[in-house]
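So you can see what is in the structure, the chains are spelled out below.
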Amino acid sequence: MKNTTILITGASSGIGKATAELFAKNGARLILCGRRQERLDQLKDSLNTEVHLLNFDVRDRTAVFEAIESLPSQWKQIDVLINNAGNAHGLDPVQTADLDDWDAMIDGNVKGVMYVTKAILPQMIERKAGQIINLGSIAGLEVYPNGNVYCASKFAVDAFTQGLRIDLNPYGIRVGAIHPGLVETEFSMVRFKGDETRSKNVYATITALQAQDIAHAIEYMVAVPPHVTIADITLLPTDQANATVVNRKQ
Ligand code: NAP
């Protein structure tokens, strides 16, 4: 992966951070994105590879395009885009859910992926080369109780990924999605708005996936020969059978 330039959104924690660490070990050049600048700075300092940081909110259309436009010439060719930024906000029935949570999920998980993709695509199309990997979820394949809008956002990511693969077919650009089950990151802290007990309970009685497990799957999607497209990977902890069946040990 030497000389490969990889842009990762949501690199300041969890899956994005672990993916950055793994690709850095492989010698890739990294464009790392997020909103928490201090986290990005710390990550950059810890990595033994060339890194360029971009700070923007994926929900902000203007900010997304300005950030990509601002890349110095030596960073303009992006070989791999990993659309990872996203979160769940709340776990409530439709009738009592907070509309702000819905906006955050639709704007971040869906429109964010679309904006970043659109901003980066022209140079891939021009070169007839590149790869885009979107973070879906088991929640994008099956709906679970109270998952309503988070699930809708990840179903949309799946549909967008499939549409993108069709549209980009003439250009030799590889497009795929990765659909994890329960991964132990800051995800539940965000979903439960900083409620540590609720967040810990999600992972306490199972052996959850770790961010590094997802990073290895992403690495595989990138490392296969250029004539191979991994369209989807669904990755579950062995303790999880599908979106709702989880073998919790008391
Ligand atoms: P995480 O630790 O909370 O990381 C989320 C990342 O996304 C952070 O780096 C955050 O950075 C960034 N982000 C969130 N909203 C953003 C916004 N509006 N603009 C820019 N960056 C934003 O969670 P994670 O588990 O690694 O999640 C990564 C992806 O995996 C998400 O798309 C999530 O839906 C998906 N996923 C997670 C699980 C799971 O169980 N953990 C399962 C399936 C799929 P800043 O806050 O610094 O901006």
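What comes next concerns the included structure. (Residues numbered from 1 in each chain as written. Predicted model: local features only at pLDDT ≥ 70, side-chain atom pairs only at ≥ 80, totals over all residues. Heavy atoms only, no water.)

How two helices pack is summed up by the angle between their axes together with the distance between the axes. Interhelical geometry of helix 1 (residues 14–25) versus helix 8 (residues 211–223) gives an angle of 55° and a closest axis separation of 8 Å. Classified by the interaxial angle, the pair formed by helix 1 and helix 8 is oblique. Along this stretch, helix 1 crosses helix 8, giving a crossing that reads as right-handed. Facing helix 1, whose interface residues are Gly-14, Ile-15, Ala-18, Thr-19, Leu-22 and Phe-23, helix 8 presents Ala-211, Gln-212, Ile-214, Ala-215, His-216, Ile-218, Glu-219 and Val-222. (Axes fitted to C-alpha atoms, helices over the stretch in contact; angles between N-to-C directions. Helix = DSSP H or I, 4+ residues; strand = E, 2+ residues; numbered from the N terminus. Parallel < 35°, antiparallel > 145°, perpendicular 65-115°, else oblique. Left-handed = near helix turned anticlockwise from the far one by under 90°. Contact = heavy atoms within 4.5 Å.)

Turning next to the site of the ligand. Surveying the vicinity of the ligand reveals 29 residues, the closest of which are Ser-12, Ser-13, Arg-35, Tyr-150 and Thr-185. Taking Asn-87, its side chain carries an N or O atom lying 3.0 Å from an oxygen atom of the ligand. For the ligand, an oxygen atom lies 2.9 Å from a polar atom in the backbone of Val-183. Expressed as a share of its isolated accessible area of 880 Å², the protein-covered part of the ligand is 96%. Of all the secondary structure elements, the ones that give two or more residues to the shell around the ligand are helix 1 and helix 5 (148–167). When the residues that make up the shell around the ligand are grouped by side-chain class, the tally is 11 nonpolar, 12 polar and 6 charged. (Near = heavy atom within 4 Å. Polar contact = N/O pair within 3.5 Å; in protein donor to acceptor, adjacent residues only side chain to side chain. Areas by Shrake-Rupley, 256 points an atom, 1.4 Å probe, with all protein chains shown as cover. Nonpolar A, V, L, I, M, F, W, Y, C, P; charged D, E, K, R; others polar.)

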